[in-house]
Amino acid sequence: MELKDIETPEYRIWDRTMRILVVDDDPEIVSFVKRGLIYDGYDVDTAGDGSEALAKALEVEPDLVILDIMMQGIDGIEVSRRLRQAGDVPILMLTAKGTVADKVAGLDSGADDYLVKPFSFDELLARVRALLRRRQPREGEILRFSDLSLNTATREVRRGNEIIDLTVQEFDLLEYFIRHPRQVLGRDRIYEKVWGYDFGGESNVIEVYVSYLRSKLEAGDMPRLVHTVRGVGYVLKE
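Residues numbered from 1 in each chain as written. Predicted model: local features only at pLDDT ≥ 70, side-chain atom pairs only at ≥ 80, totals over all residues. Heavy atoms only, no water.

Trainee: So what exactly am I meant to see when it comes to the sheet that holds strand 7 (residues 148–151) here?
Mentor: By way of backbone hydrogen bonds, the strands of a sheet pair with one another, either parallel or antiparallel. Ordered in space as 6-7-8-9, the four strands form an open sheet in which the pairing is antiparallel. The open sheet has two edge strands with one neighbour each: strand 6 (142–145) and strand 9 (162–164). Ignoring strand direction, the axes of neighbouring strands in this sheet form an average angle of 25°. Direction of pairing for strand 8 (residues 157–159) relative to strand 9: antiparallel, over a ladder of three bridges. (Pairing = 2+ DSSP bridges. Helix = DSSP H or I, 4+ residues; strand = E, 2+ residues; numbered from the N terminus. Axes fitted to C-alpha atoms, helices over the stretch in contact; angles between N-to-C directions.)

Have a look at this one:
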C-alpha cells in the first residue's frame, strides 16, 4: 500500500515520541515498515539480524520491538527470549511463519503479539498503538479478588504476600478477569477486549496465556482462581 494511504491518528496517547526497533533481514520489509512508522510519528531504529538487534536494544532502549523470526545466526525466538529476560519491552512478532504452532512458539518466547506476513500496514499500526497504550502511565487503582491484588498503575500483582511477575499480555488478561469476577467470559469477548482483534478461530492463544497465568498464580499449590468452562470460555472464581 502507498504510505499516503496510511491514516495519521488525530491524537497521541503519549507526551513524547515513541521509539520502535524494527528487526528483519529483508531490507525491503525494513524500509517499508520504517517509512510507514516514521510517517505515523515514531522514531525508528533498525537491525538486520539477531545479534545486531540485541545490541541495538541495549543501546537505544526502545519502547517497542517489531521482530522477524527467520534470521541468520540468532533467530527471532531467541532474541525474544533474551529481551524478555532483560526487561518488559513489548515485542510484536512480524513473520511469515503462520501456523498455530509457530504463533504459540513466538508467544511462548515472550512476545506480546504476533502478525503474519503478508500484512496490512493499518493492522500493524493498530497493534503497535495497542501495545504502546498499555505502557502509558495512568491513575492507578487497586483491584482485588480473593487473596489476589492488582495495581493498575505500577502493574504489580500479588497473591497473598507473594509478588507475581507477569508480562504485559498476562497482566492485561488478568486485569480483564479481575474486573469481571464470577462472570463466564467467552473466547470471542476475551479476544476483543484484551487483544483488540480476532486471532482467528483456530488459534489457541487464550489457552496459552491462561496456562501461563495458572502456572504463576498457582505456584506452591495455591488454589485455582481461573477456571475453564468447557466449550464456552473462562471464569475467575474461588
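Read on, since the account is not over.
Trainee: Whenever I open this one, the packing of aromatic side chains confuses me. Can you help?
Mentor: Overall, the coordinates contain two aromatic pairs when judged by the stated rule. Measuring from centroid to centroid gives 5.3 Å for Phe-32 and Phe-121, while their planes differ by 80°, and the two rings are edge-to-face. You can see Phe-32 sitting in helix 1 (residues 27–39) and its partner Phe-121 sitting in helix 5 (residues 121–133), a full 89 residues away along the chain. Aromatic pair Tyr-209 and Tyr-212: ring centres 5.2 Å apart, planes at 75°, arrangement edge-to-face. Here Tyr-209 and its partner Tyr-212 are both found in helix 8 (residues 205–217), three residues apart, which amounts to about one turn of the helix. Comparing Tyr-209 with Tyr-212, the two get one shared label, buried. (Phe/Tyr/Trp six-rings, centres within 6.5 Å; stacked < 30°, edge-to-face > 60°. Buried < 20%, exposed > 50% of the residue type's maximum accessible area, 1.4 Å probe, protein only.)

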